[in-house]
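One letter stands for each residue in the lines below.
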Amino acid sequence: MKKRALTVLLVIVLTVAAVFTGCGDKSTSGEGDQAKKDLPTIGIVQIVEHPSLDTIRENITAQLEEEGFVDGKTVTIDYKNAQGDTNNLKTICQSFTANNVDLIIAIATPSAQAALGETTDIPIVFSAVTDPIAAELVDSLEKPGGNITGTSDAVSATKILDLALQITPDIKKIGAIYSTGEINSVSVIKELKEYAKTKGIEVVEATIMNSSEIQQAAQSLVGKVDAVFSPIDNTVASSMPTIVDVLNKAKLPYYVAADSMVADGGLATDGVNYEALGKATGTMAADVLKGADTATMPVQIMSDTQVYINKKTAKEIGIKIPTNIVKKATDLSEKQK
């Protein structure tokens, strides 16, 4: 009996000790959770995953870290990807406003439009918005005037067509594959048409509304044009392998507007460095978190462009890129998947 009593007593002592230990752990965990909740929160919304936008996001968060905003330590970052669905964009931005985040970072024009559609109070910093004025995001580039500002990846269709004519000078007709639902693409194609007209070049459009129409759009241009162009279009960029497969088989040079699109098989571009764009966006986001006013913070346009080429694509379609261009260009063929 004594032995049994001692055993029971030992069990009771151990149980009480466990209860107190458990209480201590719960208290510590609660304090940690509360501390996490007290950190400033950044909501990052991205329309779709593709190399250009992913590069921007990665460099935004890297720059934020350099500025002292480290996820999980000095700030909480809530990243959401809309998978190319505008309805998802709206839901994501509604959740950010419902949770009263301290800052929204919107990557690409549709993301920025969705964010601004849900709040005029929470500061928004956008990235990769080609034409912020045409997208009705800001009053002016110098003085945005509201709760939103950011960086523009405005590309010059003029520069890219000039590059195309240096590489393939016999262009008489150029195809344009783009989404009519993206205002940034529409504005770039408008510039392309205006400049092409001065060069006596006809623009043949192959417009799309979603990625399921990509292959048909590319095939519709085969035999009708001498080259093809696409602006920084999210629907197009996320479907590059499909377009490249069709155009390379047809030996059609494909000029694009982003370095990642060249890395994905496009022939060439004179465009923005997306690592630099992301870092610039990250710096602006950090400034806003430190108290800067979006209404008076000018939109930054990345004016320094660079020539990018894909030697692998050039070889596949039988194009010889002039030596003077090769010397100043960055070859991205090694990055091609």
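Please refer to the structure higher up on the page.
Residues numbered from 1 in each chain as written. Predicted model: local features only at pLDDT ≥ 70, side-chain atom pairs only at ≥ 80, totals over all residues. Heavy atoms only, no water.

1. Re the sheet that holds strand S11 (residues 300–301)
Stated precisely, the cut-off is as follows: Strands were regarded as paired on the criterion that DSSP finds at least two bridges between them. Helical segments are the DSSP runs of H or I of at least four residues, strand segments are the runs of E of at least two, and each set is numbered from the N terminus.
Spatial strand order, S2-S1-S3-S4-S5-S11: six strands in an open sheet with parallel pairing. The open sheet has two free edges, formed respectively by strand S2 (76–81) and S11, since each of these has just one partner strand. Where strand S1 (residues 41–46) meets strand S3 (residues 103–107), five bridges bridge the pair, whose relative direction is parallel. In the strand pairing of S3, Gln46 is matched with Ile107.

2. What to know about the packing of helix H2 (residues 51–66) against helix H11 (residues 274–289)
Our working definition: Axis angles are defined between N-to-C directions and span 0 to 180 degrees, where every axis is a line fitted to C-alpha atoms and, for a helix, only to the segment in contact. Roughly parallel covers angles under 35 degrees, roughly antiparallel covers those over 145, roughly perpendicular covers 65 to 115, and oblique covers all other angles. Whether a crossing is left-handed or right-handed is set by the direction in which the near helix is turned from the far one by less than a right angle, anticlockwise for left-handed and clockwise for right-handed. Any two residues whose heavy atoms approach within 4.5 Å are treated as being in contact. Ten residues, namely Ala, Val, Leu, Ile, Met, Phe, Trp, Tyr, Cys and Pro, are considered nonpolar, four, namely Asp, Glu, Lys and Arg, are considered charged, and the remaining ones, Gly among them, are considered polar.
Look at H2 against H11: their axes get within 7 Å of each other, and the N-to-C directions meet at 45°. Considering their axes alone, H2 and H11 lie oblique with respect to each other. Relative to H11, the crossing made by H2 is right-handed. On the side of H2, the interface is formed by Ser52, Thr55, Ile56, Asn59, Ile60, Gln63 and Leu64, while H11 contributes Tyr274, Glu275, Leu277, Gly278, Lys279, Thr281, Gly282, Thr283, Ala285, Ala286 and Leu289. Each residue belonging to the contact of H2 with H11 can be placed in one class, and the counts come to eight nonpolar, eight polar and two charged.

3. Description of the pattern of salt bridges
Here is the rule we go by: One speaks of a salt bridge when a side-chain nitrogen belonging to Lys or Arg is within 4 Å of a carboxyl oxygen belonging to Asp or Glu. Working definition: with a 1.4 Å probe on protein chains only, accessible area under 20% of the residue-type maximum means buried, over 50% means exposed, and in between means partly exposed.
By the definition in use, this model includes seven salt bridges. A salt bridge links Asp54 to Arg57; the shortest N-O distance between them is 3.2 Å. With Asp54 and Arg57 both in helix H2, this residue pair falls three residues apart, about one helical turn. In this structure Asp54 comes out as buried when scored by relative accessible area, which is 17%. Given the relative accessible area of 15%, Arg57 is considered buried. Ionic pairing is found between Lys90 and Glu118, a salt bridge with its closest N-O pair at 2.8 Å. With Lys90 in helix H3 (residues 86–98) and Glu118 in helix H4 (residues 109–118), this residue pair connects regions lying 28 residues apart in the sequence. On the basis of relative accessibility, which here comes to 43%, the residue Lys90 falls in the partly exposed class. For Glu118, a relative accessible area of 23% gives the class partly exposed.

4. Some thoughts on the environment of Arg57
Distance in space between the C-alpha atoms of Arg57 and Gln46 is 8.4 Å, their sequence separation being 11 residues. Other than its neighbours up to four places away in sequence, Arg57 contacts Ile44, Gln46, Tyr79 and Ile107.

5. Some details on the pairing of strand S10 (residues 268–271)
Taking every second residue as pointing to the same face, both faces of S10 are buried, with Ala268 and Asp270 on one and Thr269 and Gly271 on the other. Where S10 and strand S12 (residues 306–309) come together, four bridges link them in antiparallel fashion. Pairing of Thr269 across the sheet is with Tyr308, part of S12.

6. Comments concerning the packing of helix H5 (residues 157–167) against helix H6 (residues 183–198)
To describe two helices that pack against each other, one gives the angle between their axes and the distance between the axes. With their axes 8 Å apart at the nearest point, H5 and H6 run at an angle of 50° to one another. In terms of axis orientation, H5 runs oblique to H6. Relative to H6, the crossing made by H5 is right-handed. Between H5 and H6, the contacting residues are Ala157, Thr158, Leu161 and Asp162 on the first element and Val188, Glu191, Leu192, Tyr195 and Ala196 on the second. The residue makeup of the contact of H5 with H6, split by class, is six nonpolar, one polar and two charged.

7. Observations regarding the environment of Ser185
Along the chain, the position of Ser185 falls in helix H6. Distance in space between the C-alpha atoms of Ser185 and Asn234 is 9.0 Å, their sequence separation being 49 residues. Each residue touching Ser185, except ones within four places of it in the same chain, is listed here: Tyr178, Ser179, Pro231, Ile232 and Asp233.

8. Topic: H6
As a reminder of what qualifies: What a helix should span is 1.5 Å times the count of its residues minus one. The arc refers to the directions leading from the helix axis to the C-beta atoms.
The end-to-end C-alpha separation of H6 is 24 Å, in line with the 22 Å expected for 16 residues at 1.5 Å each. Listing the buried residues of H6 in full gives Asn184, Ser185, Val188, Ile189, Leu192, Tyr195 and Ala196. The buried residues of H6 occupy an angular sector of 130° when projected down its axis, which confines them to one face. Turned more than 90 degrees away from the buried face of H6 sit Lys190, Lys197 and Thr198, all of them exposed. Tucked into the core, H6 has its buried residues touching H4, H5, strand S6 (173–179), strand S7 (202–208) and strand S8 (227–229).

Geometry only, nothing functional implied.
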